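Here is what each chain is made of, one letter per residue.
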Amino acid sequence: MARVLIVGAGLTGSLCAALLRKETPRPVHLTVWEEAGDSGGRMATARSPCNPQSTVDLGAQYITRTPHYAKKHQSFYDELLAHGILKPLTSPIEGMVMKEGDCNFVAPQGLSSIVKHYLEESGAEVSFRHRVTQINLRNDKWEVSKETGSPERFDIVVLTMPVPQILQLQGDIANLISECQRQQLESVCYSSRYALGLFYEAGTKIDVPWAGQYITSNPCTRFISIDNKKRNIESSEVGPSLVVHTTVPFAVTYLEHSTEDVRELIYQQLESILPGLPQPVVTKCQKWRYSQVISAPANSHGQLTLHREPFLVCGGDGFTQSNFDGCVSSALCVLEALKNQI
């Protein structure tokens, strides 16, 4: 049985695992390693330590389905809607630009529930706080090292983390990447952002007429969402939750500052936009060094095969675009590349 390692438990990595489980002709042993403490990647959903039912999406806020992908990826949308993982976004989002035929969806349990669904479907062995540091070639297998613990060997490796992290890997992989491949990888460019999640006591009222609002006139704040309201979830037992996404210039300016300092700056700006905002019980500040892909490599076809025997392939939004359909497209391309190897 081929041992397959997928690095990264975001949307592309989790869907790759689910597709490999369903589509490959022979059984495979699937392992997923994620450097963070939970799955989701940039579809991360944070939970209040005071009440785990109170959640906030720190990454992607909703999913926009265009008419093109409504047809092309219909089976993926149908499955998630049938399971109740997605539902139409009906709450008011001020400043949202809608194009004809587009449809927006939210996840009642938070967008990380999509990733968790695919991981569950895959039956993969998932390990968190596993940060890959080296990949070496040993007897026609990949020996993969992480920050702690012993190296492990795999027949196939799929890398779905942000592209700059692939370029930072040590070991034989650094020499096996051709000059042309390196140029393609180095051409991938990301924007950066911060997100601040705020959790409130049950019964707290945040009196605004919208569930989300795009801000155009603030140097720090780009988007605010009353997250429970965005998902149409009102409960007397669970307090509201709110998330703020910063502008890209703000994040670039403060990228290397302490999270505590940045948290305070974002909160000050939030209070100026929403004066009289109640005090949160707890907050969670998230730095997205690699937020959204600004430029992907030309002619990457959704994946980049770095080595064929043994097989090593890169996937993710770095090779398509930073949205749900970009990740689905990449996962399908990775599957196609792997089919002949398994």
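Here the structure is a predicted model, which is why all the values come from computation and not from measurement. (Residues numbered from 1 in each chain as written. Predicted model: local features only at pLDDT ≥ 70, side-chain atom pairs only at ≥ 80, totals over all residues. Heavy atoms only, no water.)

Draft legend 1. Layout of the environment of Thr64. Within the secondary structure layout, Thr64 lies in strand E5 (residues 63-65). The partly exposed category is assigned to Thr64, whose relative accessible area is 32%. Sequence separation between Thr64 and Asn51 is 13 residues, and the spatial gap between their C-alpha atoms is 29 Å. Discounting residues that sit within four places of it in the chain, Thr64 has contacts with Tyr77, Asp102, Cys103, Asn104 and Asp325. Polar contacts involving the side chain of Thr64 include one to the side chain of Asn104, which spans 2.5 Å. (Helix = DSSP H or I, 4+ residues; strand = E, 2+ residues; numbered from the N terminus. Buried < 20%, exposed > 50% of the residue type's maximum accessible area, 1.4 Å probe, protein only. Contact = heavy atoms within 4.5 Å. Polar contact = N/O pair within 3.5 Å; in protein donor to acceptor, adjacent residues only side chain to side chain.)

Draft legend 2. Seen up close, helix H10 (residues 259-273). The terminal C-alpha atoms of H10 lie 21 Å apart, and with 15 residues this matches the ideal 21 Å at 1.5 Å per residue to within 8%. The secondary structure elements touched by the buried residues of H10 are strand E15 (193-199), strand E17 (221-226), strand E18 (241-246), helix H9 (248-253) and strand E19 (282-288). (Expected span 1.5 Å × (residues − 1).)

Draft legend 3. Just the nonpolar core, in detail. Residues Val4, Ile6, Ile114, Tyr118 and Phe324 are the most contacted members of the largest nonpolar core, which totals 41 residues. Elements represented by at least two residues in this core include exactly strand E1 (2-7), helix H1 (11-23), strand E2 (28-34), helix H3 (74-82), helix H4 (112-122), strand E13 (156-159), strand E22 (311-315) and helix H11 (324-339). Among the elements that take part in this core, H11 stands out by supplying eight residues, more than any other. If you count residues domain by domain, this core takes at least three from each of domain 1 (1-37 + 128-188 + 297-341) and domain 2 (46-110 + 189-295). For Val4, the contacting residues outside a window of four places in its chain are Leu20, Val28, His29, Leu30, Thr31, Phe154, Ile156, Val158 and Ile342. Judged by nonpolar contacts, the second largest core, of 26 residues, contains Val7, Val163, Ile173 and Cys314. (Core = buried A, V, L, I, M, F, W, Y, C linked by side-chain atoms within 4.5 Å. Domains from an automatic or database assignment.)

Draft legend 4. Inspection of the UniProt feature "domain: Amine oxidase" (unreviewed entry) in the protein at higher detail. As recorded in UniProt, the sites labelled "domain: Amine oxidase" (unreviewed entry) are residues 99-331. Taken as a whole, residues 99-331 contains 26% helix and 31% strand, while its terminal C-alpha atoms sit 26 Å from one another. (UniProt positions renumbered as here; feature names shortened; annotations may be inferred.)

Draft legend 5. Spotlight on the side chain of Ser122. Secondary-structure assignment places Ser122 in helix H4. We classify Ser122 as buried; its relative accessible area is 0%. In contact with Ser122, other than residues within four places in its own chain, are Ala17, Ala18, Arg21 and Leu30.

Draft legend 6. Region of the structure containing the packing of H3 against H11. For the pair H3 and H11, interaxial distance at closest approach is 11 Å and the crossing angle is 115°. Considering how the two elements wind past one another, H3 and H11 form a crossing that is right-handed. When H3 is examined against H11, the residues Phe76, Tyr77 and Leu80 are found in contact with a partner set consisting of Phe324, Asp325, Val328 and Leu332. In the contact of H3 with H11, the residues fall into six nonpolar, no polar and one charged. (Axes fitted to C-alpha atoms, helices over the stretch in contact; angles between N-to-C directions. Left-handed = near helix turned anticlockwise from the far one by under 90°. Nonpolar A, V, L, I, M, F, W, Y, C, P; charged D, E, K, R; others polar.)

Draft legend 7. Main features of the sheet that holds strand E11 (residues 141-146). Strand order in the open sheet made by the three strands is E10-E11-E12, with antiparallel pairing throughout. This sheet does not close on itself; its edge strands, each paired only once, are strand E10 (132-138) and strand E12 (152-154). Each strand axis lies, on average, 30° off the axis of its neighbour in the sheet, ignoring direction. With three bridges connecting them, E11 and E12 associate as antiparallel partners. Note that in E12 the partner of Trp142 across the bridge is Phe154. (Pairing = 2+ DSSP bridges.)

Draft legend 8. How the structure looks around the UniProt feature "signal peptide" (unreviewed entry) in the protein. The feature "signal peptide" (unreviewed entry), as annotated in UniProt, sits at residues 1-17 in this numbering. With 41% helix and 35% strand, residues 1-17 has its two end C-alpha atoms placed 15 Å apart.

Draft legend 9. Molecular detail of the packing of H1 against H11. H11 packs onto H1 with a crossing angle of 40° between their chain directions and a minimal axis gap of 9 Å. Our classification of the angle between H1 and H11 gives oblique. Relative to H11, the crossing made by H1 is right-handed. Note on element contacts: H11 touches H1 through Phe324, Cys327, Val328, Ser330, Ala331, Leu332, Val334, Leu335, Leu338 and Lys339, opposite Leu11, Thr12, Leu15, Cys16, Leu19, Leu20 and Glu23. Split by residue class, the contact of H1 with H11 holds 13 nonpolar, two polar and two charged. (Parallel < 35°, antiparallel > 145°, perpendicular 65-115°, else oblique.)

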